[in-house]
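Chains, contacts and geometry: an overview
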Amino acid sequence: MERAGASRLPPELNAVVELIDQYRLGWSLDQAFYNDPAIFELERRLWFPRQWSVIAHASEVDEKGRYIIRHLYGEEIVVVRFGDAADDIAAYYNVCTHRGSRLCTKDGKGRLLVCPYHAWSFKLTGELQSKQEVPEGIDPANLGLHKVATRIVGGLVLCGLDPDVLPDAQPLADAIEGGLRQQGIDRSRILVRKSYPTKANWKLVLENFSECYHCRPAHPEYFRTNGYVKVVAMRDEAAAVEWQRELDSWHSVIGDAEFKKGAWEAGGLDKVQYGMYRKPIGSGRKTLSDDGEPVSRLMGGRSEYDGGETGFRLGRLSMISSANDYATLFQMIPRSVNETDVYLTWLVDKDVDVDINPDPITWMWDVTTIQDKKITEDNADGIRSRAYRPGPYTDLEAQPAFFCQAYLGEMRELITGEKSPAPVWQFPSKGYSSQPTCAVPVS
Ligand code: FES
Ligand code: FE
């Protein structure tokens, strides 16, 4: 039977739709979705421009005129502070509207953005300043910089490439901005920023970030220092019962309002994904450190440690883990079909001493991300083999299974114009399931 809409498609797109239609629910993706440059090109054209991602922390452009260059889905963008108010931050494609030169070649500060080629200059708000250079009959108002959608949420700068198709970011801001402020993200500064370039398709990086089934074999340090990991890394009813006890006792300490603080939106083509959850680190540990003891100053106006970790999702490809005294921002930025730039940014309270030793603060996520880079690259290497076939997700991998279904539905809809059914969770939530444990409705 011929699929509706498919007959109108060029053969190469028809082939992708056929692959999507052959997908076996609850199994990993066909090799082409991890390896085929043509599918990456389709994603670059259709899917990436619809994604909001955290691109910077507002403190990186702390004074009017300060600008930084960032990469987003293969595009170079300039993030610039144009005024003194907290939200006075804009982003532009790093492309001059004269003949297309890169506009900024390094981070800097100035009253104007000046192109190095023929010195056209632009206001910090994007309009062309050097109007006298424009030939007669051409309206300089049409030669302003190309805007990138920008939204400031709790001190974080979110960007998306195509303002015309991006989902509204307001629900994300409404749901999690208060939580970000409570964690002190808005009044923090960057302690360390480090890249972990990973030779793997971005979906493998995301899948790995979304499950903790691998945490027992791959992350001995993380496994040892987090009570919850013991539950989500094994099908272990006893550990689940023990964890529930830990949750109940934390609940009684922090109170109902704090315990139930959470939000979740799975997202889609017309909805931005976001999430927020709180959980105890466990075993009386105050923070995510080697011995569980504090490693920095308390954030967010707290007066004491409650031993919790707050997790945030901001769009599909940005996450935050926030302990009481430091936060770690994770950014996944696809570079090519088999390269993904993974950035970790450690945030501490802005008043933390500049001489603080960063090593105890970065230890947990640095050691874990080095391990993640290795296992994800091994995963990518195996998938390149002619022997690779999709494999089954287990109930400890409910999130990657959900993502694959959502991603394929969205790609199909973008290619064919036909509405795809909403994805559904395929694994029941159990005590040891891989979903965040507190206050996050997932079904
Ligand atoms: Fe920028 Fe000519 S290309 S001024
Ligand atoms: Fe991991």
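Structure's up top.
These remarks concern the structure in this document. (Residues numbered from 1 in each chain as written. Chains lettered and ligands numbered in written order. Predicted model: local features only at pLDDT ≥ 70, side-chain atom pairs only at ≥ 80, totals over all residues. Heavy atoms only, no water.)

This structure, assessed with the given rule, holds one disulfide. The disulfide partner of cysteine 212 is cysteine 215, and the gap between their sulfur atoms is 2.0 Å. Negative torsions about the S-S bond denote left-handed disulfides, and the value of about -100° found for cysteine 212 with cysteine 215 makes this one left-handed. Of the two residues examined, cysteine 212 and cysteine 215, each falls in the buried class. With no disulfide of its own, cysteine 404 lies closest to cysteine 212 among cysteine sulfurs, the gap being 18 Å. (Disulfide = S-S within 2.5 Å. Buried < 20%, exposed > 50% of the residue type's maximum accessible area, 1.4 Å probe, protein only.)

Following the sequence through the fold, leucine 9 ends up in the segment before helix H1 (11-21). Classification of leucine 9 by relative accessible area gives buried; the value is 15%. Between the C-alpha atom of leucine 9 and that of isoleucine 375, which follows or precedes it by 366 residues, the distance is 37 Å. Beyond its immediate stretch of four places on either side in the chain, leucine 9 contacts Asn14, Val17, Ile415 and Thr416. (Helix = DSSP H or I, 4+ residues; strand = E, 2+ residues; numbered from the N terminus. Contact = heavy atoms within 4.5 Å.)

The buried fraction of strand S4 (residues 89-93) amounts to five of the five residues, a majority that puts the element mostly inside the structure. Here S4 shows two buried faces, one formed by Ile89, Ala91 and Tyr93 and the other by Ala90 and Tyr92. Judged from the five bridges that link them, strand S3 (residues 75-81) and S4 form a sheet pairing that is antiparallel. Looking at S4, one finds that valine 80 is bridged to alanine 90. (Pairing = 2+ DSSP bridges.)

On to helix H4 (residues 170-182). With 13 residues, H4 extends 19 Å from end C-alpha to end C-alpha; this agrees with the ideal 18 Å at 1.5 Å per step. Along its length, H4 shows its largest kink, about 45°, at isoleucine 176. Turning to H4, its buried residues are Leu172, Ala173, Ile176, Glu177, Gly179 and Leu180. The secondary structure elements touched by the buried residues of H4 are strand S8 (147-153), strand S9 (156-160), strand S12 (274-280), strand S13 (308-314) and strand S14 (318-322). Positive backbone phi, at 80°, marks glycine 184, one or two positions downstream of H4. (Expected span 1.5 Å × (residues − 1). Bend = angle between axes of the 7 residues up to and from the residue.)

A few words now on the sheet that holds strand S15 (residues 327-336). If you trace the seven strands from one edge of the open sheet to the other, you get S10-S16-S15-S14-S13-S12-S11, paired in antiparallel fashion. Each of the sheet's edge strands pairs with one partner strand only, and the pair in question is strand S10 (188-195) and strand S11 (263-265). Along the sheet, successive strands turn relative to each other by an average axial angle of 20°, direction set aside. Relative to S12, S11 is paired through three bridges, and the arrangement is antiparallel. Among the inter-strand pairings, tryptophan 264 is bridged to a residue of S12, identified as glycine 275. Most of the contacts of helix H5 (residues 202-209) go to S15, to which it runs at about 155°, and overall it touches S13, S14, S15 and strand S16 (339-349). (Axes fitted to C-alpha atoms, helices over the stretch in contact; angles between N-to-C directions.)

Taken together, the seven strands give an open sheet; going across it, the order is S1-S9-S8-S4-S3-S2-S5, and neighbouring strands pair in antiparallel fashion. Only two strands of the sheet have a single partner each, and these edge strands are strand S1 (53-57) and strand S5 (108-109). Each of S8 and S9 is contacted by H4, which is oriented at about 40° to S8, the strand it contacts most.

Given two aromatic rings, their pairing is described by the distance between the two centres and the angle made by the two planes. Per the counting criterion, the structure on display carries 16 aromatic pairs. Judged by centre distance (6.0 Å) and plane angle (75°), the rings of tryptophan 202 and tyrosine 407 are edge-to-face. Taken together, the residues tryptophan 202 in helix H5 and tyrosine 407 in helix H12 (residues 398-416) connect sequence positions 205 residues apart. Judged by its relative accessible area of 0%, tyrosine 407 falls in the buried class. Judged by centre distance (5.6 Å) and plane angle (70°), the ring pair of phenylalanine 209 and phenylalanine 330 falls under edge-to-face. (Phe/Tyr/Trp six-rings, centres within 6.5 Å; stacked < 30°, edge-to-face > 60°.)

Each donor-metal-donor angle in an ideal tetrahedron of four donors is 109.5 degrees, and each such angle in an ideal octahedron of six donors is either 90 or 180 degrees. Looking at the metal site, the iron ion (ligand 2) is ligated by His214 (NE2), His219 (NE2), Asp372 (OD) and Asp372 (OD), spaced 2.1 to 2.6 Å from it. Geometry at the iron ion (ligand 2) is irregular, judged from the four donor atoms that bind it and their angles of 54 to 148° at the metal. On the primary sequence, the residues serving as donors to the iron ion (ligand 2) are separated as H-x4-H-x152-D. Neither histidine 214 nor histidine 219 differs from the other in exposure class; each is buried. (Donors = N, O, S within 2.8 Å, 3.2 Å for Na, K, Ca; no water. Tetrahedral: all angles 85-135°; square planar, octahedral: opposite > 155°, others 65-115°.)

These values are about where atoms sit, not about what they do.
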